[in-house]
Structure formats: C-alpha cells, structure tokens
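# Reading the structure
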Amino acid sequence: MAASCADPCASTSSGLPRKRPSGNLTDIDAIDVLERLDDSDLDFCSDDSDADVDYDPSSASLLNHFEESDDDVEPPPSKMSKKSSKKTCSFRKSDSFASKFKVLHQTAEMDDCESPVEAISKFFSKKIFESMADLTNRYHTQHSGKSLKVTPAEIKTFFGISLVIGCIGMKRLRMYWEKKTKVPIVANAMTRNRFFKIRNNLKVVDTALISEEAKKEDRLWKVTPLVEHIRNICTELPRENFLSIDEQMISFTGRCPARQYVPRKPNPTGLKNFVLAGSSGLVYDFEIYRGEGTFAKFKLKDGSGGQGVGAVLRLTKYLGPGKHVFCDRFFTTIPLIEHLAKQSISLTGTISAKYVPVQFSSDKVMKSKGRGTMEQFVTVSRGNEPISIVKWFDTKSILMASSLHGLHPVEDCKRWCKQKKQFITVPRPAVVQKYNLSMGGVDLCDQAISYHRVTARSKRWPIRVINHLLDLAVNNCWLTQRQSNSSNKLMQLFDYRFIMGEQIIASAAKEADSDYLTDDELQTTRKIVPLPMAYNREKGAKHLPEAVKLNNSARCRREGCSNKTSIRCTKCNVFLCINASRNCFMLFHKSTC
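Residues numbered from 1 in each chain as written. Predicted model: local features only at pLDDT ≥ 70, side-chain atom pairs only at ≥ 80, totals over all residues. Heavy atoms only, no water.

Glancing now at helix H4 (residues 152–168). Between its terminal C-alpha atoms H4 stretches 25 Å, which fits the 24 Å expected from 17 residues at 1.5 Å a residue. In terms of residue burial, H4 counts as a mostly covered element, since 15 of its 17 residues are buried. Remark: Gly169 follows H4 within two positions and exhibits a positive phi of approximately 75 degrees. (Helix = DSSP H or I, 4+ residues; strand = E, 2+ residues; numbered from the N terminus. Expected span 1.5 Å × (residues − 1). Buried < 20%, exposed > 50% of the residue type's maximum accessible area, 1.4 Å probe, protein only.)

Structural data, given as structure tokens:
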C-alpha cells in the first residue's frame, strides 16, 4: 500500500516509524524519510528531474479547499473505498503548461442583413402559425363544443402585439385598450377580448393524442414540439469558437411540474434552462430541465455523471473539434475535462475544491504572500490529456481547471484595495483572464432579454415558456443582424423589437382572410369595431358594400360624418353611408385617407 508523502507520522512499508519533526522539515529530515521508502511508495517522473511526486487521486478523498488550518499545507486526504480506486490523472506541480489545443479567434460568419420580419420568420414560420391556429381551434372545440375560429393571421398578430407590449411596458395589459391609455398599434390590430381569448387557449400540441405514459415521461409535453423546433433552428446557426454553458431561468412562480429554485439568480424560481451560447450572447443550443431523467443518457465512460456533467455532455454532443467551452464550478470536473479533450474540445472553468485531486497551499499561507499569489499543477505526460489546475488568491482563493490555458502569460490587472482606498496592480493568471472574456455569453443573453421581456401575468406556465422562446429568438435575430451588418448604422434592441412587432402585425393584416361577422352576431354584440389599418383599406375588390338588415341604423364611421346608414364594408366590417349627396364609402377607402 502506497504511503502519502503528506503524513510524516505514518509507518512506511518497511515497518519503520516516522518521526514528526517540530516545525517544517529540514533537508536532512526529508532525505532520511525518503531513504526509508521503497520504490513502490513514490513514483518519480523520469522526464523531469524537478518533478514532484505523482499524486494518485484514487487513494485519497476529495479535498476541502476552503477549510483553513494553522499548517502551511492543507490536511492530507483520507483513504477512499476500493470501489472508487480507478485511477484517472496524475498531477505534478509546475509553472509551465503546454496545451494541445490551438487558440483561433474566429467569429461566426452570418448571412446578409435581413429585415426583422424576415429574420423572425426562420424561427416562427407560416407553418408554425397554421399549426397553432389549428391546434387552438381543436382544443377549444373539444372543451366547449364550439370552434374559436382562430386564423393563422390572428396568431401572428398575437405574437406581434406581444413584442410591442414588451417594448412599451405598461403596468396592466388592459391599459393598451382603455380609452385614456389606448395604444393604437395594439388596439387597432386586435380587440382586447380576442387577445385574451387566444392567450387563454393557445396550444402547440394536440392534448387528445398524448398518452398518459408520455405525459409522465415528459413533464413539458405541452410545449415540447415548439421547444424542439426553436432548438433545431438555433443549432443550425454558424458557431463561434469560444462558447459558454450556464443556467438560465424562465421565471414562473405558479404551478409547474418542472419548477426549480436556483439561489443567487435574479429570478430564482421557475424553469431551469441549460444554455450553450457564444461569447457574443448568441444561443446555439439549450435544454430545459425536466427532472432527474433529463440527462440520464449522458454519462462518462466510467458511468459517473450528474446534472452538471450531463448538461455539458448533452450540449457539446453536436460540437465539432476545435471548439473551446467555458463553464462554472457547477459543471466542471477533471474526468469531464479529460473526456472532452479526447474529442478535441477544450473545457475551462472554475472547479469546486472537492473535485481537486491535488494539494495546494492553504488560503492562510497564500494570503500572507499577498494578493496575486498563484500555484499550478499539471498532468504528468504519460498518455494523459494535458490539464492544468490553477489556484489564484486575490481577496479570496479561486480554483480553475483547464485543458486550454494555464498560468502563463501572467498579466497585471487593476483591483480595488479597501485598506488603501484605491486601485492597485495585481498579477493575474492567463486562465482567469480568458475565462472572464469568454464566460459571459449566457449572461449577455439574459441581460438583453430582461430589457424588453414579453411579460404578462398568467397562471399557465406554457405561456411563459412560449414567451421566453419568442424573446430568445428575437435576441438571436438582433445579434445576427449586428454581426452581419457591415455599416455603422446598427439598430438598437428597442427599435429592432418594436419594428419587428410592427412588421409582424402589418404582414398578418395583409394575410388575413375577408372573414366578417354574420348579421346575427352583429345584432347580439353591437360592439365598436376598431378601424382597419391604412394598407388594409386599399385592397380594392375585397372591399364591397352590402346592405344589412338592422333594427336601428348604425352611425357612419368616416371621420366628419354623423349620418346613419345600414351599408357595411364586407372587408373592413364598418358602416359607411352611400347616397346621392355623400359617398363616404368611396372616400373612406381612398389611399389618401
């Protein structure tokens, strides 16, 4: 059994007890201890005369890095069980690290700049709106016996209004239709009751065709078809070389079978979404957490896994060689880095102390040496993938593991000093600097979405997921437009979202069918019909007058006319008078109106 070099009191394999020295070991004591050990106890590296002893992580429990002690070195690890005795990587302390990966700073090549409505049509195509309209009508018929008669144009208008509402941001949805706070672009496109009716019955899957077993296996079955469609479009985007993986929250505090609580998040309660994004904020892949079985199929070769490891394996499944992934300590483990390195994918991230198989100096010792103190362990080159583990002490200690970066080149950074109340220069390892540059992709996406989020209070979690997918798609469209636009005239996010909403509403109005209310429906409702958009008045032959039998004549809707009439436009669904002295019907439909 191999003895640990960190415990000077343990007996050697030859049975001779070791004498604990008072204070630090002297050179003579160290030589005496080494002479008492067999070759089987320590294995020195033959390729480096200054190399330290190989450390076998399988013979020790994981260290607790943040526990300080009075000793200069952290306490030695305890023995692990025989079940976990499989050896992974051996490390040695070194200042140099040679990665097998080549860093290529390359951004994704995007297509030519498109209009906002053309860009969003890749994510929400005409077939999507037709499918939603059909499924919504089918659901309403199954539960009420009547069809909601929703058209694809109305579904498209609903999404356009949602984007405009997210930009304006009134406190209540009803304010967009109220007389004092009315917003014409919203109120003229769709009535308030119709908007709420569509939102309450919107469906993306036929609930009657989903079996009970399928519902138990997939907790998000109500939105799975749309989620998979948006995800597939994201995976087709050309990818950057530097990518990051992190958690993203879809805020929702109501009832949901997959609701999670993640502390230290701006919106800690909701659905947890694991996202693969570029350093620019573009989302290339994502996976919404459905429960314990979400990443059950994604494990390492030795059978180990977990939520963090499974998420990385799932999101890097379709990555090509040469990509560089960054993540935080929730995901990072040494076996995971080694597994991805064999697939020519580098992984860099902060790592928890319990997953570090080496002994660094304690925080107390590094703090005494001053801010910017750093140490590094690298893998022994015996068929292992090159991996470095770096500990850097600033105001607190930071542990990082990487197969791409190490200590060098060390650069100076400005950090605030509370004692001196000024910025001071602190040396920083290269792995920390590269991590800070490439890790914030998912946070950039969250930040952009939070500015003009499609928010509406709803007890239905599928509506929240659909709105989040719309926000994610619009954010990808905007970032793509910024990267593909070679001119300096870059559109701001607010302008881009608002213009996209306007264009969606306008295109939906052009695609709308000439459906109108029957005489019976008109007699029962007699509600004020909003005036159509200007381009909708100019559709020529579709605008035909018809005489309607009414108990009381309706007032002419042309501005400036107070006459009463029973003539109605079949397209606009508004009453306009036609007589020998005044032809409001013709004047209303002129392009100058």
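With an omega of 5 degrees, the peptide bond between His408 and Pro409 qualifies as cis. Along the chain, Pro409 falls in the loop between strand S10 (397–402) and strand S11 (411–417). Backbone geometry at Ser344 places phi at a positive 65 degrees, although glycine is not the residue there. Turning to its location among the elements, Ser344 is positioned in the loop between helix H10 (334–342) and strand S7 (346–350). Judged by its relative accessible area of 31%, Ser344 falls in the partly exposed class. Even without being glycine, Asn573 reaches a positive phi, approximately 65 degrees. Along the polypeptide, Asn573 turns up in the loop between strand S16 (567–569) and helix H17 (584–588).

Pairing between S11 and strand S12 (residues 422–428): 7 bridges, direction antiparallel. Looking across to S12, one finds that Glu411 is bridged to Arg428. The loop that links S11 with its antiparallel partner S12 comprises 4 residues; one of these, Lys421, has a positive phi angle of about 55 degrees. (Pairing = 2+ DSSP bridges.)

Take the nonpolar core next. Considering soluble globular proteins, one finds that nonpolar side chains tend to be buried as a cluster. The biggest cluster of nonpolar side chains holds 107 residues, and the ones touching the most others in it are Phe124, Ile155, Phe159, Leu226 and Phe286. The leading source of residues in this core is helix H14 (residues 461–484), at 12 residues. Excluding its chain neighbours within four sequence positions, the residues that come into contact with Leu226 are Phe124, Ile128, Met132, Val204, Ile466 and Leu469. Core analysis: the next-biggest nonpolar cluster, separate from the first, contains 14 residues, Phe242, Cys413, Val426 and Val432 among them. (Core = buried A, V, L, I, M, F, W, Y, C linked by side-chain atoms within 4.5 Å. Contact = heavy atoms within 4.5 Å.)

Taking 1.5 Å per residue, 19 residues should reach 27 Å; helix H15 (residues 493–511) reaches 27 Å between its end C-alpha atoms and fits that length. Of the residues making up H15, those classed as buried are Leu493, Tyr496, Arg497, Met500, Gly501, Ile504, Ile505, Ala506, Ser507, Ala508 and Ala509. Residues of H15 that are buried make contact with helix H2 (116–120), H4, helix H5 (184–187), helix H13 (441–451) and H14.

Right, let's talk about the packing of helix H9 (residues 307–315) against H10 for a bit. At a minimum axis distance of 11 Å, the contact between H9 and H10 shows a crossing angle of 10 degrees. In terms of their interaxial angle, H9 and H10 are classed as roughly parallel. Two packed elements cross with a definite hand, and for H9 against H10 that hand is right-handed. Side by side, H9 and H10 meet where Val309, Val312 and Leu313 of the first sit next to Leu336, His339 and Leu340 of the second. Residue classes in the contact of H9 with H10 are distributed as 5 nonpolar, 1 polar and no charged. (Axes fitted to C-alpha atoms, helices over the stretch in contact; angles between N-to-C directions. Parallel < 35°, antiparallel > 145°, perpendicular 65-115°, else oblique. Left-handed = near helix turned anticlockwise from the far one by under 90°. Nonpolar A, V, L, I, M, F, W, Y, C, P; charged D, E, K, R; others polar.)

On to the environment of Thr350, then. As for its placement among the helices and strands, Thr350 is situated in strand S7. Thr350 sits in the buried class, given a relative accessible area of 17%. Aside from chain neighbours lying at most four places away, what touches Thr350 is Cys327, Asp328, Arg329, Thr332, Ile398, Leu399, Met400 and Tyr435.

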